[in-house]
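Now for the letters of each chain:
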Amino acid sequence: MITAALIPPVFGNLLIVSTSMELVATIGCYIYFIGMDMVMYALLRFTVKYCDFQKKFPLLRGIIDTLLIMDVIQFLCNPFFGNAFTTERLDDVYGKAYYRLVPFLGQTYHRVVCYGVLLAIMIVFLVKIIRSPKIYAERYSIIFFTLIVAAVWQTLYIFSRTPIDRSMIGFGISGVLMFYFSLYYRPLKLLDRMLANIASEMPEALFFFDANEKCIWANDPAISFAGIEQGEFGTATEKLLEVFGNIGLEGPEWSSRQVIGSGDETRYYALEKRTVVDDRGRAAGSFLSIRDNTEEQKRIQREIYNATHDSLTGLYTREYLYERIRHKLEDKRDMEFYVVFVDVKNFKIVNDIFSSSFGDFALQRIADWIRSGDTENWVYGRLAGDTFGVCLPVEAFHEQELEEILSRFVVRRNNVEYHILIHLGVYKITDPNIEVSVMFDRAHLALSTIRDEYQKHIAYYDDDLRKKVLWSQHISSELHDAIREMHLRPYLQPIVDKEGKIVGAEALARWIHPKDGFLSPGAFIPVFEKNGMIVEVDKHMWRCACEILSRWSEKGKRLFISVNISPKDFYFMDVFDEIRMLTEDYGIDPSLLRIEITETVMMTEAEERMRILQQFRDAGYIVEMDDFGSGYSSLNMLKDMPVDVLKLDMKFLARGGDDERAQTIIQNIIHLSDDLGIVSLTEGVETEDQFRMLARMHCILFQGYHFAKPMSVEEFEDTFLQ
Ligand code: C2E
Ligand code: CA
Ligand code: CA
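Treat the numbers as computed from the prediction; the structure is a model and nothing was measured. Throughout this document, residue positions are counted from 1 along each chain, in the order its sequence is written. Note on labels: chains are lettered from A, ligands numbered from 1, in written order. Where totals are concerned, whole chains, interfaces and linings use all residues; where local detail is concerned, this predicted model gives features only for residues with pLDDT of at least 70, and gives and counts side-chain atom pairs only at 80 or more. Note: side-chain values were computed over all heavy atoms of the structure, leaving out hydrogens and water.

(A) Region of the structure containing the coordination of the calcium ion (ligand 2). Coordination here is defined by N, O and S atoms within 2.8 Å of the metal (3.2 Å for Na, K and Ca), and since water is not considered, a site can look incomplete. Within the protein, the atoms that donate to the calcium ion (ligand 2) are Glu506 (OE), Asn564 (OD1), Glu596 (OE) and Asp626 (OD), at distances of 2.1 to 2.3 Å. Read in sequence order, the donor residues coordinating the calcium ion (ligand 2) give the pattern E-x57-N-x31-E-x29-D. Taken as an interatomic distance, the gap from the calcium ion (ligand 2) to the calcium ion (ligand 3) is 3.9 Å; Asp626 donates to each of them. Of the two residues, Glu506 sits in strand E16 (residues 502-513) while Asp626 sits in strand E20 (residues 622-628), which places them 120 residues apart along the sequence. Of the two residues, Glu506 and Asp626, neither departs from the other in class, the shared state being buried. Here a strand is any run of E in DSSP of at least two residues, a helix any run of H or I of at least four, and the numbering for each starts at the N terminus. Only protein chains enter the area calculation, which uses a 1.4 Å probe; residues under 20% of their type maximum are buried, those over 50% are exposed, and those in between are partly exposed.

So this is what it looks like as structure tokens:
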């Protein structure tokens, strides 16, 4: 507005200066003076707005406006009343005619009003300069001083009565300045200060470099990071090199991550260098920001750690272990590795007998033990509750040493001491491409071959084992059908007395498999004993025996049948109840169904087992102790055993090849059982000599190939029941 308002006075002035015609000069004067009123009006408007005075002094502003309007009116009256001015011809001004102003009262009024307005405006600017913060004062003072210059210039012109008024140039400059300040001016110092404040308060360390890569400023975090003195920014580069080493601080834009220190002292930094370009895109300098990422990195590391490590033992979790092993195998393709499945056998007992806190403690000790073996190229973790996994180079696995350690692996806490039974299933990685989980499955499988669990702790996987597992799966899936279809059925082996007369038979399971042919118990009994399905087999065999016995008794034949009872049967059912119900169902005299148990039955819960056996005897059944002498029982135990018959197996007793010694043992057992009123039965009798010898020793019953092999029920009945 001001710039536009300046046009009339400038134009008027030009007219005055350039013309030699009185009329034109007079019109020029009108335009000039009225234009000045407009300039003042515009200047006032600008000032009010620029200085934020809109809401202040409305009355004063109204009066000034009125005075200016009156001035305009007064000038408009001049042609009629000559109240303001007239012009006077001067002849030789720079060689031409010029009309000089002759002021009257109205002109004086004009000057008073204009100077008054100007003064008021300058006072406003002065107040602003004084009251505003320093950085803002700048914008007011520049205008203030140009106004003074313009006013003084104008005054000089007026009072010097110089015909050519150049003071308009002053107003022109003020106008342009005001235009610039109101539209484009941003207080640069304020911006600088703000940016500096922001930069200072940034958590990042910021270093600013000039175009020559010399540090010219750094914020507080940067100053303390580099350990430089305030104002000594020049040394920053040197200090940064000391901290990070030569990471190429100079050069164009880049970013990098740096790790300083180690262990708990480790610090992580994210560095970023940015170039600052000027308006024309030339590099004017650069800045480097350094962010301390340590907390974030540590948090991420903690999260990764928690996700990949078992919280109790600190070992890898199963998934992560698999991943690490996969990496290791890919990394060390030329090395041979074992995968070891570490199984804590009696862990449930540990938890039950002691406490789960002792259980946790035990697991931690096992984890420590695994960790302690760690040499190069070991990878290990916790697979599940009480199982661990280790992958280690073949040459690092020392079986003897490990057997030694495992045989006396004791966990102690306070007064509690417990031998933890640990088994290791070992799989040698022959094909590194198979799934790691499959490798552990195989290592796990190897464990199933450990028979004597307290003597042997380590077992290796081989392909036969895999075949065995496939076989067990195969026959297990078919057992129910085999029972229903009677593919699984008893064969009978005669039992004879001293005269060779048949008195009974032992029922031995045979599986006439439609595809796999004739299967001996060795092919399936151990499998079912392991997975508990032996219960189905035995119940089926007992039922078959009862069915045969009932058929025989209908024919009036009083032969007994001995059935086998697996130790596992006692875990899964009430053996006595089951057999009692069967004999009742088939209406069989209990003394004809003899039950054969082995010494292992007495291994656990001996008292309870003895009670059950006594129950059988009390109910009229005859209890036979099978395979006596094959394992744990001693002659000493015999007197406490609630059994009626003792079965000795020739193959156990003749073990070791020392016939004389075997004979002595047999002789003694027979004598002892005789004394205890227990009937002795020798099985595995293969020759006439054996039979004679045993008869001489007063053995009572005999069973063996010498008399007959186990045969089908039809054959048995055809041979012995005619
Ligand atoms: P066992 O109860 O000791 O049965 C005697 C085993 O000796 C039978 O083997 C029989 O065929 C074999 N045998 C008999 N006389 C002779 C002989 O003169 N010389 C030799 N070398 N062996 C002879 P089988 O039938 O193969 O049974 C093996 C084992 O399987 C049995 O040993 C028994 O422990 C188990 N078994 C068989 N049937 C059943 C069953 O129905 N239930 C349970 N739980 N186990 C069974
Ligand atoms: Ca038997
Ligand atoms: Ca036997």
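From this point, the narrative continues.
(B) How the structure looks around the pairing of strand E12 (residues 416-419). Bridge count for strand E11 (residues 410-413) against E12 is 4 bridges, and the pairing is antiparallel. Across the sheet, Arg412 pairs through a bridge with Glu417, a residue of E12. Counting the residues in the hairpin turn of E11 and E12 gives 2 residues, including Asn414, whose phi is positive at 50 degrees. Strand pairing requires that DSSP identify at least two bridges connecting the strands.

(C) Focus on the sheet that holds strand E3 (residues 205-210). Pairing is antiparallel across the open sheet formed by 5 strands, whose spatial order is E4-E3-E7-E6-E5. At either margin of the open sheet sits one strand with a lone partner, and together these are strand E4 (215-218) and strand E5 (254-260). Here the strands of the sheet are splayed against their neighbours by 20 degrees on average, with no regard to which way each runs. Here 9 bridges tie strand E6 (residues 267-277) to strand E7 (residues 283-292), and the two strands are oriented antiparallel to one another. Paired with Lys273 across the bridge in E7 is Leu288. Residues count as neighbours in contact if any of their non-hydrogen atoms are within 4.5 Å of one another. Comment: axis = line fitted to C-alpha atoms, over the contacting stretch for helices; angle = value between 0 and 180 degrees taken between N-to-C directions. Contacting E3, E4, E5, E6 and E7, helix H9 (residues 236-244) crosses the sheet at an angle of about 130 degrees to E3.

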